[in-house]
Amino acid sequence: MLFSFKTRPKNSFFRTNRRAFLKWSAVAGTSLLGENNLFSGVFKPYFPEENKTGEEKIIRTGCPAHNCGGRCLLKVHVKDGLITRIETDDRPGDDISDPQLRACIRGRAYRKRQYHPGRLKYPLLRTGKRGEGGFKRISWDEAYEIMYREISGVIKKYGNSAIFIPYGTGSYTNTNGRWPAVRLMNLLGGSLGYYNSYSWACTNIATPYVYGTLNTGNQRQDWVNSKYIIMWGWNPAEMKDGTNSDYFIRKARENGAKTVCIDPRQSMSAVALADEWIPIRPGTDAAMMSAMAYVIITEKLTDNDFIKRCCSGYDDSQMPAGCENEESYKDYILGSRDGVPKTPEWAERITAVPSTVIACIAREYATRKPAILYQGYGMQRRAFGEQTVRAGAALAAITGNIGIPGGWASGLGSQAGGEPFWSVFPAGENPVKARIPVFLWTEAIIRGKEMGTAEGIKGADKLDNNIKLIWCVASNILINQHSNINRTAEILRDESLVEFIAVQDNFLTPSAMFADLVLPACTQFETWGVEDGWKFGEEVFLTPKIVDPPFETKSDYRICADLSRKFGVWEQFTAGGKDEKAWAEWIIDEIYRKTRFPEMPAFSELEKSNAGVYVKPVKDPVIAFSDFRNNPEKYPLKTPTGRIELFSKPLFDMNRPDEIPAVPKYVQEWESPFGKEAGKYPLQAIGHHYMPRVHSTHFNNEWTTEAFPQLVFMNKADADARKIRNGDFVKVWNDRGALVAKCRITSGIMPGVIDIPQGAWYKPGKDGIDTGGNINMLTTERWTALAKGNPQHTIMVQVEKYNN
Amino acid sequence: MPEYAFFINSSVCSGCKTCQIACKDKNELSKGINWRRVYEIEGGNWKEENGVFTSLPFSYFISLSCQNCANPECVKACPTTAMHVNANGIVVIDHELCIGCKYCAWACPYGAPRYDPLKKVMTKCNLCEDYITKGLKPSCVASCPMRALDFGTYNEITAKYGSGENVFPLPDPGTCEPRIVIKPHKDYLKPCKEHAYVTENEYN
């Protein structure tokens, strides 16, 4: 029999795992959720009598939008008010200009989220201490009264800037998500603002220093024109960086492109999309990039005409005024100032990539043109992520792979010719002008009044308040997704710091466990909304309400609208009485049709057609920077020199050359295998975006987690050294905290590195060790130098077999 | 009687398991019962010399459900004739007759029949008979984000894709004449039996 597996290692870990699992079940028997019937038990959806027609309807809609990076089309079967089946896009054609938007495992398994017994059903008020997880059911009237009292109280006592609506991407359909809450607060005098994100803080800030824009990407249909594609830390098959990005790479390969994946992990993209996988030590990408530049420069493979016409700061012939004698990009690469030529041999010791391989990749990238160097975002969620972004862009610049079909400028990569709108729900203007870097919200709780421009505050010289009230909508950032959970939990537990926390969600998430008041939101299937293509994509989805919100759940918009009555601003908040459907209509007819997609059908037609999506086919993909390349004088970039800045004077003027060099440099990370911390914590830990979930969404989905359980992935060499066998439970820890999870020994990760997929739900045991496997037990709250971004993949840890 | 067949393009399969979930959703399969399964085959040794890695491992995925064999072992093994080939040429189970003895699961070299502990009967992929008789593709095939799966009659599939390769860890195809065509991944020749891990969902 095939799957009796004589081929497996002697100690079949299937059996081992089963024993370990049973043991583990006993340990973890006391669930934090308890057996409280407010949350558990059989989920009985609400069936209005008029819905019991017995007929099956098929409704086409956008896949519930979280922050996965894709936007796909679902065909949802509905019978008697219940979703009975979920299929995907079956539009005929499937041409590359308008390919089917096929949903992945997360969308196809949605019924297990939609009808999960743990769905929040009623408003809940905390009973015990904050964070303990004790709640009692209250009415909506009581909940609104509490919200009114707390918000008014904090405004009166401290002012609006003491109120914070955190970053959150759990719901993304305009009417569902955080934007209605922002709109309401803006009508009440505003709340503390933020900028940047947890996804791409470093590239968001660093890319414009090079290009003066974030729209550095060609439209994806152009990828088939490329001859060589480097997927650097980029894993579109798993994280979806745009629906069909993986499929477009397949098409490019069929068209003759060679593909290389550079990643510490043999990711799903490395397996399915790459001709070669090159493992690299995490956090050393800029070293390999610099060594590639060394090969390209010394072997005279640079595009000298492009450099001369379009770049600034490449060598001493093109340094910006006032910096004529400073170190140019070429100076750094050749080591003419620091005495360290950035040779492949130099990089080999840092990156663990053989020097011959580095040289080979450099030559191929510079000669098999047009070529794409596509940077994923994981490598910029690191201590010096800004440098990696700029080093990659520099390679594109010196080889002239910019502004041409089949090339790619690197950087953030929003598409030229029209980036998506993300959310267009009119939140209004925030009367509070101060904005914090989003990653620093815990700082703003403990010492907001001390924070100023040095901490990245924008819109004001300093903050006039600490955060005193948090209203967290569709977000698990409070505990689960922010760095250093033990620290965050301690801050949130102190009721003298944040005086009131409201969490609005579908489930009692780890963040909701720290709420004083929990408000039950409905899912996107249960209200009207609009989605557009994530980073890429020429799509707009209409997401109709296809089943009723169960129990006492309401849309995020409805909750805010009801609350607006308490404050006497209902008329303004609802713009004269708009419901969710009216907003969806307004968004399509007044925003999309009047700006980006004038040719798309009106809301009423879209609704009637049951198409679910409007797509503008891309037959002639837009190429970023093509005008600039052809005529840089006429179409200068929005940088100080109007050129691609390999040397940045604004960065030079910051006068922090060790952390923010004016040319992109490899900087050893603050936690690294080369530092003394490696003695105690010798392994690097990364937390990749995992197939079964979108960040922390779907962690409780039994179908997706059956297919992809939470695991610690580890190389056999590291496991053998610790006497860890496949399927053992392991403890992973550093000075900040510890977690326990099952270990998967794999040859698909390089020695010295472990992977703990991010987004697992924090579930502390009595000893404070997380049994959910959440990597943020180990991550640091320290922020990056330039972007003030999250460095959540820069961590050193130790691992041992867990015997309890 | 048509001879239906699946085509599996392992060379572009990312192992995302969307096919498996699409199948579960259509067929209401509870946790633990997977009519379609994506197997991960991986292994290979790392060599480290002076801090540099010079030897690389292999990895690929194979998605399998029922191969709708021409000479199905499961049918032969069934003591009650519950497992049979129906009028559309599909190997199916008559649940009136099935006693849940699991002989079919033991006989099938691909592990296609799956026991349902609640219903106490065997269950298996029926090629989405309700869809294919309407001219639609089976749910798994229509789901694949990489377009790595296809379905048709065996003649259609072999005409389009050739006869494929018998990829590790599939058994010798001679015994039951499976109607499946696999386009192998570039790594498929690398694994040897001593060194390959093959995982299904059981590492749960």
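Residues numbered from 1 in each chain as written. Chains lettered and ligands numbered in written order. Predicted model: local features only at pLDDT ≥ 70, side-chain atom pairs only at ≥ 80, totals over all residues.

**Considering the overall build of chain A**
No. 1: Scanning chain A from terminus to terminus reveals 26 helices and 26 strands.
No. 2: By the compact-globule yardstick of 28 Å for 804 residues, chain A fits well, its C-alpha radius of gyration being 26 Å.
No. 3: Across its three principal axes, chain A shows a C-alpha extent of roughly 75 × 65 × 60 Å.
No. 4: A burial count over chain A gives 61% of its 804 residues as buried. (Helix = DSSP H or I, 4+ residues; strand = E, 2+ residues; numbered from the N terminus. Rg over C-alpha atoms; globule rule 2.2 N^0.38 Å. Buried ≥ 20, exposed ≤ 12 C-beta atoms within 10 Å, placed from the backbone.)

**Regarding the overall build of chain B**
No. 1: Helices and strands together make up the secondary structure of chain B, namely six helices and twelve strands.
No. 2: Projected onto the principal axes, the alpha-carbon positions of chain B cover approximately 65 × 35 × 30 Å.
No. 3: Taking all 204 residues of chain B together, the buried fraction comes to 47%.
No. 4: Considering only contacts in chain B between residues 6 or more positions apart, those separated by 24 or more positions represent 61%. (Contact = placed C-beta atoms within 7 Å.)

**Focus: the sheet that holds strand E26 (residues 796–801) of chain A**
No. 1: Spatially, E21-E25-E22-E24-E23-E26 (chain A) is the arrangement adopted by the six strands of the closed barrel, whose pairing is mixed. Direction aside, neighbouring strands of the sheet carry axes that sit 45 degrees apart on average. (Pairing = 2+ DSSP bridges. Axes fitted to C-alpha atoms, helices over the stretch in contact; angles between N-to-C directions.)

**Some remarks on the sheet that holds strand E10 (residues 149–153) of chain B**
Residue and element names in this part refer to chain B.
No. 1: Reading across from one edge, E10-E1-E11 is the order of the three strands in this open sheet, with mixed pairing throughout. A strand with exactly one partner marks an edge of an open sheet, and here the two such strands are E10 and strand E11 (180–183). Geometrically, the sheet is characterised by an average inter-axis angle of 15 degrees between neighbouring strands, direction not taken into account.
No. 2: By the bridge criterion, four bridges tie strand E1 (residues 4–9) to E11 in an arrangement that is parallel. Residue pairing for E11: Phe6 is matched across the bridge by Ile180.
No. 3: Against the sheet, helix H6 (residues 154–161) contacts E1, E10 and E11, and its axis sits at roughly 130 degrees relative to E10.

**What to know about the interface of chain B and chain A**
No. 1: Contact residues are listed per partner, giving 49 residues for chain B and 49 residues for chain A.
No. 2: Those elements that provide at least two residues to the side of chain B that touches chain A are helix H1 (18–27), strand E2 (37–43), strand E4 (52–55), strand E5 (58–64), helix H5 (139–143) and strand E12 (196–199) of chain B.
No. 3: The element contributing the most residues to the side of chain B that touches chain A is H1 of chain B, with seven residues.
No. 4: For the side of chain B that touches chain A, the class distribution of residues is 25 nonpolar, 13 polar and eleven charged. (Nonpolar A, V, L, I, M, F, W, Y, C, P; charged D, E, K, R; others polar.)

**Observations concerning unusual backbone geometry**
No. 1: Each neighbour pair has its own omega, and for Lys369 of chain A with Pro370 of chain A the value is -5 degrees, a cis peptide bond.
No. 2: Tracing the backbone shows Pro370 of chain A in the loop between helix H14 (355–367) and strand E12 (371–375).
No. 3: For the bond running from Phe168 of chain B to Pro169 of chain B, omega is 5 degrees, close enough to zero to count as cis.
No. 4: Its identity as a non-glycine residue notwithstanding, Asn610 of chain A has a phi of 55 degrees, on the positive side.
No. 5: Tracing the chain through its elements places Asn610 of chain A in the loop between helix H21 (603–609) and strand E19 (613–615).
No. 6: Taking the C-beta count within 10 Å as the criterion, Asn610 of chain A has 14 such neighbours and is therefore assigned partly exposed.

**Concerning the confidence of the model for chain B**
No. 1: Summing up the model confidence of chain B, the mean pLDDT is 92 and the portion of residues at 70 or higher is 96%.
No. 2: Confidence metrics for the complex model read pTM 0.94 and ipTM 0.96. (pLDDT = per-residue confidence, 0-100.)

**Comments concerning the domain arrangement of chain A**
Interface size is often expressed as the accessible area that is lost when the parts come together.
Residues and elements named next belong to chain A.
No. 1: Here chain A is described as being made up of domain 1 (6–14 + 675–801), domain 2 (135–199 + 421–615) and domain 3 (202–411 + 634–646).
No. 2: Its C-alpha centre places domain 1 at a distance of 31 Å from the equivalent point of domain 2.
No. 3: At the junction of the two partners, domain 1 supplies 20 residues and domain 2 supplies 21 residues.
No. 4: Of the residues that constitute the side of domain 1 that touches domain 2, the class distribution is five nonpolar, twelve polar and three charged. (Domains from an automatic or database assignment.)

**Quick look at helix H15 (residues 385–398) of chain A**
All names here are of chain A.
No. 1: If you check H15, its first and last C-alpha atoms are 21 Å apart, about what 14 residues at 1.5 Å a residue would give, namely 20 Å.
No. 2: For H15, the tally of buried residues reaches 14 of 14 residues, placing the bulk of the element in the interior.
No. 3: Phi turns positive one or two residues past the end of H15, at Gly400, with a value near 65 degrees. (Expected span 1.5 Å × (residues − 1).)

**Notes on the environment of Leu64 of chain B**
Residue and element names in this part refer to chain B.
No. 1: Turning to its location among the elements, Leu64 is positioned in strand E5.
No. 2: Taking the number of C-beta atoms within 10 Å as the measure of exposure, Leu64 has 25 and is therefore buried.
No. 3: Distance from Leu64 to Val91, taken between C-alpha atoms, is 15 Å for residues 27 residues apart in sequence.
No. 4: The residues touching Leu64, leaving out its near neighbours within four places in the chain, are Arg37, Tyr39 and Tyr110.

**Regarding the confidence of the model for chain A**
No. 1: Per-residue pLDDT for chain A averages 93, and the proportion of residues at 70 or more is 94%.
No. 2: The low-confidence segment residues 1–43 of chain A, where pLDDT is below 50, has 57 contacts with residues more than four positions distant or belonging to other chains.

**With respect to the packing of helix H5 (residues 179–187) of chain A against helix H18 (residues 556–566) of chain A**
Residue and element names in this part refer to chain A.
No. 1: Packing of H5 against H18 brings their axes to within 8 Å, and their N-to-C directions diverge by 20 degrees. Overall, the two elements H5 and H18 adopt an arrangement that is roughly parallel. At the point where H5 passes H18, the crossing takes the right-handed sense. Where H5 abuts H18, its residues Pro180, Ala181 and Leu184 lie against Asp556, Tyr557, Cys560, Leu563 and Ser564.
No. 2: Considering only residue class, the contact of H5 with H18 consists of six nonpolar, one polar and one charged. (Parallel < 35°, antiparallel > 145°, perpendicular 65-115°, else oblique. Left-handed = near helix turned anticlockwise from the far one by under 90°.)

**Topic: the pairing of strand E24 (residues 737–745) of chain A**
All names here are of chain A.
No. 1: Taking burial as the measure, the nine residues of E24 include nine buried ones, the bulk of the element.
No. 2: As defined by bridge partners, strand E22 (residues 711–714) adjoins E24 across four bridges and the pair is classed as parallel. Across the sheet, residue Met714 finds its bridge partner in E24, namely Ile745.
No. 3: In terms of strand pairing, strand E23 (residues 729–734) meets E24 through six bridges, oriented antiparallel. By the bridge assignment for E24, Trp733 is matched with Ala738.
No. 4: The antiparallel hairpin formed by E23 and E24 contains two residues in its connecting segment.

**Structural notes on the packing of helix H10 (residues 285–298) of chain A against H15 of chain A**
All names here are of chain A.
No. 1: Where H10 meets H15, the closest approach of the two axes is 9 Å, and the angle between their N-to-C directions is 20 degrees. Judged by the angle between their axes, H10 and H15 are roughly parallel. With respect to the hand of their crossing, H10 and H15 are arranged in left-handed fashion. Together, Asp285, Ala286, Met289, Ser290, Met292, Ala293 and Ile296 of H10 and Gln387, Thr388, Ala391, Gly392, Ala394, Leu395 and Ile398 of H15 make up the contact between the two elements.
No. 2: For the contact of H10 with H15, the class distribution of residues is nine nonpolar, four polar and one charged.

**A few points about the environment of Phe7 of chain B**
All names here are of chain B.
No. 1: When you line up the elements, Phe7 lands in strand E1.
No. 2: As a C-alpha pair, Phe7 and Tyr161 span 154 residues in sequence and 7.8 Å in three-dimensional space.
No. 3: The residues contacting Phe7, other than those within four sequence positions of it, are Leu149, Asp150, Ile157, Tyr161 and Val181.

**Remarks on the environment of Thr61 of chain A**
Residues and elements named next belong to chain A.
No. 1: Take Thr61: it is sitting in strand E1 (residues 56–62).
No. 2: We classify Thr61 as buried; it has 25 C-beta atoms within 10 Å.
No. 3: Distance from Thr61 to Val76, taken between C-alpha atoms, is 7.4 Å for residues 15 residues apart in sequence.
No. 4: With near-sequence residues (within four places) excluded, Thr61 lies in contact with Leu74, Val76, Phe541, Thr543, Pro544, Ile546 and Gly612.

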